[in-house]
Amino acid sequence: MRHIISISDFDREGIDSLLDNAAQFDGKSCNARALDKKILAVLFFEPSTRTRLSFESAIARLGGTSLSVGSVEACSMAKGETLADTIRVVSGYADAIVLRHPKEGAARLAAEFSTVPVINAGDGAGQHPSQTLLDLYTIRQSMPIDGIDIALVGDLRYGRTAHSLASALSLYNARLHTVCPKGLELPETLSARLEEQGMEIIVHDNITEVIPEVDVLYVTRIQRERFPDSASYFNVASSYRITPELLESAQERLIVLHPLPRVDEIDPRVDASPHARYFEQSRNGVPVRMAMLMQVMQ
Amino acid sequence: MKNSEAAENEGLLVRRIKNGTVIDHIEPGEALNVVKILGITGTTQEALSIATNVPSRNMGKKDIVKLNNRELSKEEVDRIALISPHATINIIRNFKVFEKKGVEIPTLIEGVVRCPNPGCISNTHEPIRSKFAVRANGLHCTYCDWVISGDIPSHII
């Protein structure tokens, strides 16, 4: 039985092969009944729009069906049931479980108690492997991933998508550039691990200097609650905002990615730019998650 | 350690035991943490003797723990390696050393230290024990990947 808990469970070959499979689903040449009569339990204990809908879309496109509880308030967890018990029970109702939970390590725990495959759809500030896979897929649509220069912009301390992507890119010889407000730098343990794996990390003071140097701009949301007041938030956030003027110095092949939802980080005028890829990135969630479901459910 | 040295050092401090376990060559000052990591609490029934900062020819100073009528298992003694890698374990039967062994750093420790990450699932009411992989740079929580790189005793449950 195969679970998908963390991107670090994959080696380079495993990632490449999953992305190849995703590309087949993207081309609509897939068998639409490949998971006929299979049932996916979608257990989300935290709000989500894209991840949840794209998993539901993915199972539907493969001919299977999904089960879900409406909200946390409506489920047995609200009565004090442990996650371990919920997972044991739901294992009996479905052929696989997709789990989002506010606690880090929740998916790892679920895998210990489940009798069916578990896919981690985000565990607190921890792992979110399907997001990383679709990020890589989107990069690969535009350029070979090997040796790219990528800038991570925004909240690099708490942003789990940036952490997982950086870890995965260490398998592809990528060079990492970071641009972030003071206090929101990559955690030291992570940067030490990446450097140990041979990744070069270049820290930049401002967004302007990094734009001409990179192939991919990965923008993440700077959360308001990280700042003492609204004024200091707006002051910091505005200096990391991506605008069409800023992108004038970009290389032609630069792509702008964002795990969404965006708030103020990307000027809506950038949407029309040939560099913008974040809506395609979001759409890519479906073929990538189809490939993930096939890997664990077939 | 020479027997004569042991006798000299321990003579007035800690009596010989008939049956049980003697943990010798503990880093000086770590005996109480050794007891803690073994899960020996005030409610333990068996006699427990602790000697700290005992002069030692090889180590300068050392700590010793003697536990009557209980032979520690390999899993239990290997936990000691996390805080005192040079400790030696003597299993005593009828006043004689029946078995002598060193401690080996385990690859996985369960239920011994608490994950410092307040957001970790192992710090909730779930029916699991904490689990850490032991690697060169510290203890890695197998649930949330948090790393404990120093001061392990302060994280002992």
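Since the model is a prediction, treat every value here as computed from it, not as a measurement.

Engineer: Tell me about the pairing of strand 3 (residues 60–68) of chain B, and please be specific about residues and values.
Structural biologist: Residue and element names in this part refer to chain B. In the sheet, strand 1 (residues 20–26) pairs with strand 3 via 5 bridges, with the strands oriented antiparallel. Bridge assignment links Ile23 to a residue of strand 3, and that residue is Val65. Two successive antiparallel strands, strand 2 (residues 48–56) and strand 3, enclose a turn made up of 3 residues.

Engineer: Go over the domain arrangement of chain B, please, and point to the residues and values.
Structural biologist: Residues and elements named next belong to chain B. What the domain assignment lists for chain B is domain 1 (3–102) and domain 2 (108–155). Between the C-alpha centres of domain 1 and domain 2 the distance comes to 26 Å. Counting residues at the interface gives 6 residues for domain 1, matched by 4 residues for domain 2. It is helix 2 (residues 31–37) that contributes the most residues to the side of domain 1 that touches domain 2, 3 residues altogether. A class-by-class count of the residues in the side of domain 1 that touches domain 2 yields 3 nonpolar, 1 polar and 2 charged.

Engineer: Outline the domain arrangement of chain A, listing residues and values.
Structural biologist: Residues and elements named next belong to chain A. Examined at the domain level, chain A breaks down into domain 1 (7–127 + 285–297) and domain 2 (130–282). Here domain 1 and domain 2 have C-alpha centroids that lie 26 Å from each other. Counting residues at the interface gives 18 residues for domain 1 and 15 residues for domain 2. When contributions to the side of domain 1 that touches domain 2 are tallied by element, the ones reaching two or more residues are helix 1 (12–26), helix 2 (50–61), strand 4 (118–123) and helix 11 (285–297). It is helix 1 that provides the largest number of residues to the side of domain 1 that touches domain 2, a total of 5 residues. Classifying every residue of the side of domain 1 that touches domain 2 by side-chain character gives 10 nonpolar, 5 polar and 3 charged.

Engineer: Kindly report on helix 2 of chain A, identifying the contributing residues and their values.
Structural biologist: All names here are of chain A. With 12 residues, helix 2 extends 16 Å between its outermost C-alpha atoms, agreeing within 8% with the 16 Å of an ideal straight helix rising 1.5 Å per residue. Along helix 2, the residues classified as buried are Thr51, Ser54, Phe55, Ala58 and Ile59. Projected down its long axis, helix 2 carries its buried residues within an arc of 135 degrees, all on one side. Buried residues along helix 2 sit in contact with strand 1 (39–44), strand 2 (65–68), strand 3 (96–101), strand 4, helix 5 (129–142) and helix 11. Gly63 sits one or two positions beyond helix 2 and adopts a positive phi of about 90 degrees.

Engineer: Residues and numbers for the nonpolar core, please.
Structural biologist: All names here are of chain A. Ile97, Ala110, Leu217, Tyr218 and Leu293 are the most contacted members of the largest nonpolar core, which totals 122 residues. The element that contributes the greatest number of residues to this core is helix 11, accounting for 8 residues. Setting aside residues up to four positions removed in sequence, Ala110 forms contacts with Leu83, Ile87, Ile97, Leu99 and Val118.

Engineer: Residues and numbers for the environment of Ala58 of chain A, please.
Structural biologist: Residue and element names in this part refer to chain A. Its location among the elements puts Ala58 in helix 2. Classification of Ala58 as buried rests on a count of 26 C-beta atoms within 10 Å. Excluding residues that lie within four positions of it along the chain, Ala58 makes contacts with Val286, Arg289, Met290 and Leu293.

Engineer: Help me get a handle on the interface of chain B and chain A, residues and values and all.
Structural biologist: Quite often, the size of an interface is put as the accessible area lost when its parts meet. Taken together, the contact pairs 15 residues of chain B with 13 residues of chain A. A breakdown of the residues in the side of chain B that touches chain A according to their chemical character gives 8 nonpolar, 6 polar and 1 charged.

Engineer: Which residues make up the packing of helix 1 of chain A against helix 11 of chain A, and what values go with them?
Structural biologist: Residues and elements named next belong to chain A. Packing of helix 1 against helix 11 brings their axes to within 8 Å, and their N-to-C directions diverge by 120 degrees. Of the possible angle classes, the one that applies to helix 1 and helix 11 is oblique. Here the hand of the crossing between helix 1 and helix 11 comes out right-handed. On the side of helix 1, the interface is formed by Leu18, Asn21, Ala22, Phe25 and Asp26, while helix 11 contributes Pro287, Val288, Met290, Ala291, Met292, Met294 and Gln295. The class makeup of the residues in the contact of helix 1 with helix 11 is 9 nonpolar, 2 polar and 1 charged.

Engineer: I'd love a proper account of the sheet that holds strand 5 (residues 96–102) of chain B, names of residues and values included.
Structural biologist: All names here are of chain B. Taken in spatial order, the 5 strands make up an open sheet running 2-3-1-4-5, and their pairing is antiparallel. Whereas interior strands pair on both sides, the edge strands pair on one side only; in this sheet they are strand 2 and strand 5. The average undirected angle you get between the axes of adjacent strands in this sheet is 20 degrees. Of the pairings in the sheet, the one linking strand 1 to strand 4 (residues 88–93) comprises 5 bridges and is antiparallel in character.

Engineer: So what's going on with the sheet that holds strand 8 (residues 216–219) of chain A? Residues and values would help.
Structural biologist: Residues and elements named next belong to chain A. If you trace the 5 strands from one edge of the open sheet to the other, you get 7-6-5-8-9, paired in parallel fashion. Each end of this open sheet is capped by a strand with a single partner; those strands are strand 7 (200–204) and strand 9 (255–257). This sheet shows a mean twist of 20 degrees between the axes of neighbouring strands, independent of strand direction. Pairing of strand 8 with strand 9 involves 3 bridges; the strand directions are parallel. Bridge pairing links Val216 to Ile255 in strand 9.

Rules behind the numbers
Residues numbered from 1 in each chain as written. Chains lettered and ligands numbered in written order. Predicted model: local features only at pLDDT ≥ 70, side-chain atom pairs only at ≥ 80, totals over all residues. Pairing = 2+ DSSP bridges. Helix = DSSP H or I, 4+ residues; strand = E, 2+ residues; numbered from the N terminus. Domains from an automatic or database assignment. Contact = placed C-beta atoms within 7 Å. Nonpolar A, V, L, I, M, F, W, Y, C, P; charged D, E, K, R; others polar. Expected span 1.5 Å × (residues − 1). Buried ≥ 20, exposed ≤ 12 C-beta atoms within 10 Å, placed from the backbone. Arc of directions from axis to C-beta. Core = buried A, V, L, I, M, F, W, Y, C linked by C-beta atoms within 7 Å. Axes fitted to C-alpha atoms, helices over the stretch in contact; angles between N-to-C directions. Parallel < 35°, antiparallel > 145°, perpendicular 65-115°, else oblique. Left-handed = near helix turned anticlockwise from the far one by under 90°.

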